[in-house]
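Breakdown of the fold
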Amino acid sequence: FFAKASALQDQLTRDYRGTRRASVARVAQLRAEAVIVRSGQIHRQIEAVAREADEQRAENKYLEAAAGYDEAARLQRELNEAFPESPYASSERISEFRRKSETAASFELGLEIERNRDQLNGLLVARRTSEASELILKLRGQLRELRESYPRSSFNDDTLDLKIRYLNLVQSDLGDIQDSVYDAMLPIPDSSGVRMLRTEVPQALFSLIAGSNPSRNQGDMRPVDSVSWTEANDFCERLSWIMGRTVRLPTENEFRSAIGSLRYVSLEERVWSFASAQGIPQNVGTKEPLASGFYDLLGNVSEWVQSINLFQSEGALNLGGHAQDPIDSIFTVPRREMARAERNRLVGFRIVLEAD
């Protein structure tokens, strides 16, 4: 009807241009309505096919659902080619149906990857690193298969893929890294289920985890320095993958709880300040610890903390003072704010490990 009406209106407009009945806009409107009607029939067919595929997926008929989404994509492609001006034309819908098809087709593989991911985390928490190494290799193969065979599947997870690639690189060191971290942890006073590294992160550990050493004051047992707040958090994320538990920067409250009361404390025996270090950070853990058992919370290098009370657009905090501060200044527990991407040769960090 609309096609015939648009043809008649077009003829009228061309033959009687000067009359009130002539209207180019009316021709365009009728043609658009004709396109909507004709493409609407295919659109309704697409919707019916897609609904049936959704129902099959809900009934765990994944291969049938995948075929249904493929058919919906084919019909949508035909609609787009035949009626490019239709409001039902959509390249995004083709992409959506393809994604749903590949997600359905990869469902069993995706679930197996998720199960193996959870199992891997349990093995790492239990410190069964030999078994974890075998599962890392298996997961790497499964993720490669998923990415190559079903690139549009929703099961593709870039973060998991990065994690498994990284763990594959360090798998031979998993046990040694876990042992060294656990052996160097102490509970934080008044903080249940949270332990903190008794020293600042030394350069040897940072290099092993990060694969590089940005420090300007070089030395395996010196604290890592010239590392930004962002880079310190990246280090924590990688170590979390290795430990199977959350590793993070300490909060300011945790940091101060570990320091405890400084009343009657002789800082000269416990702090690398300007007077004792001549402005250069020294090997970690070589002064006396505080009463809580932690070394170098004050002096040596100032340490990044979580900075949870600051917006991402703001800076981040580092606490405790460093080797260029006078000891009377360090006694006040200096609190400094810097840009999150800034590096400083007198700023490092230590880590916190959360229990289950």
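Residues numbered from 1 in each chain as written. Predicted model: local features only at pLDDT ≥ 70, side-chain atom pairs only at ≥ 80, totals over all residues. Heavy atoms only, no water.

A word on the pairing of strand β5 (residues 316–319). Side-chain alternation along β5 places Ala316 and Asn318 on one buried face and Leu317 and Leu319 on a second face that is also buried. Summarising the sheet, strand β4 (residues 302–304) and β5 pair through two bridges and their orientation is antiparallel. Across the sheet, the residue bridging to Glu303 is Leu319, located in β5. As judged from the four bridges shared by β5 and strand β6 (residues 335–338), these two strands associate in the antiparallel manner. Note that in β6 the partner of Ala316 across the bridge is Met338. (Buried < 20%, exposed > 50% of the residue type's maximum accessible area, 1.4 Å probe, protein only. Helix = DSSP H or I, 4+ residues; strand = E, 2+ residues; numbered from the N terminus. Pairing = 2+ DSSP bridges.)

With that out of the way, let us pick up the pattern of salt bridges. Applying the stated criterion across every chain yields a total of 23 salt bridges. Measuring nitrogen to oxygen at the nearest pair gives 3.5 Å for the salt bridge that ties Lys100 to Glu96. With Lys100 and Glu96 both in helix α4 (residues 91–105) and four residues apart, the pair spans about one turn of that helix. Here Asp161 ties to Arg147 by a salt bridge, and the two come within 2.9 Å at their closest N and O atoms. Separated by 14 residues along the polypeptide, Asp161 in helix α7 (residues 158–170) and Arg147 in helix α6 (residues 129–149) bring together distant segments of the chain. Under the relative-accessibility criterion, Arg147 is labelled partly exposed at 31%. (Salt bridge = Lys/Arg side-chain N within 4 Å of Asp/Glu carboxyl O.)

Now for helix α3 (residues 62–82). An ideal rise of 1.5 Å per residue puts 30 Å on 21 residues; α3 measures up with 30 Å between its terminal C-alpha atoms. Among the residues of α3, Tyr62, Ala65, Ala66, Gly68, Tyr69, Ala72, Ala73, Leu75, Gln76, Leu79 and Asn80 are the ones counted as buried. (Expected span 1.5 Å × (residues − 1).)

What follows is about unusual backbone geometry. At Gln278, a position not held by glycine, the phi torsion is positive, near 55 degrees. Of note, Gln278 is situated in the loop between α12 (274–277) and β4. Positive phi values are uncommon outside glycine, yet Asn300 reaches one of about 65 degrees. Relative to the assigned elements, Asn300 resides in the loop between α12 and β4.

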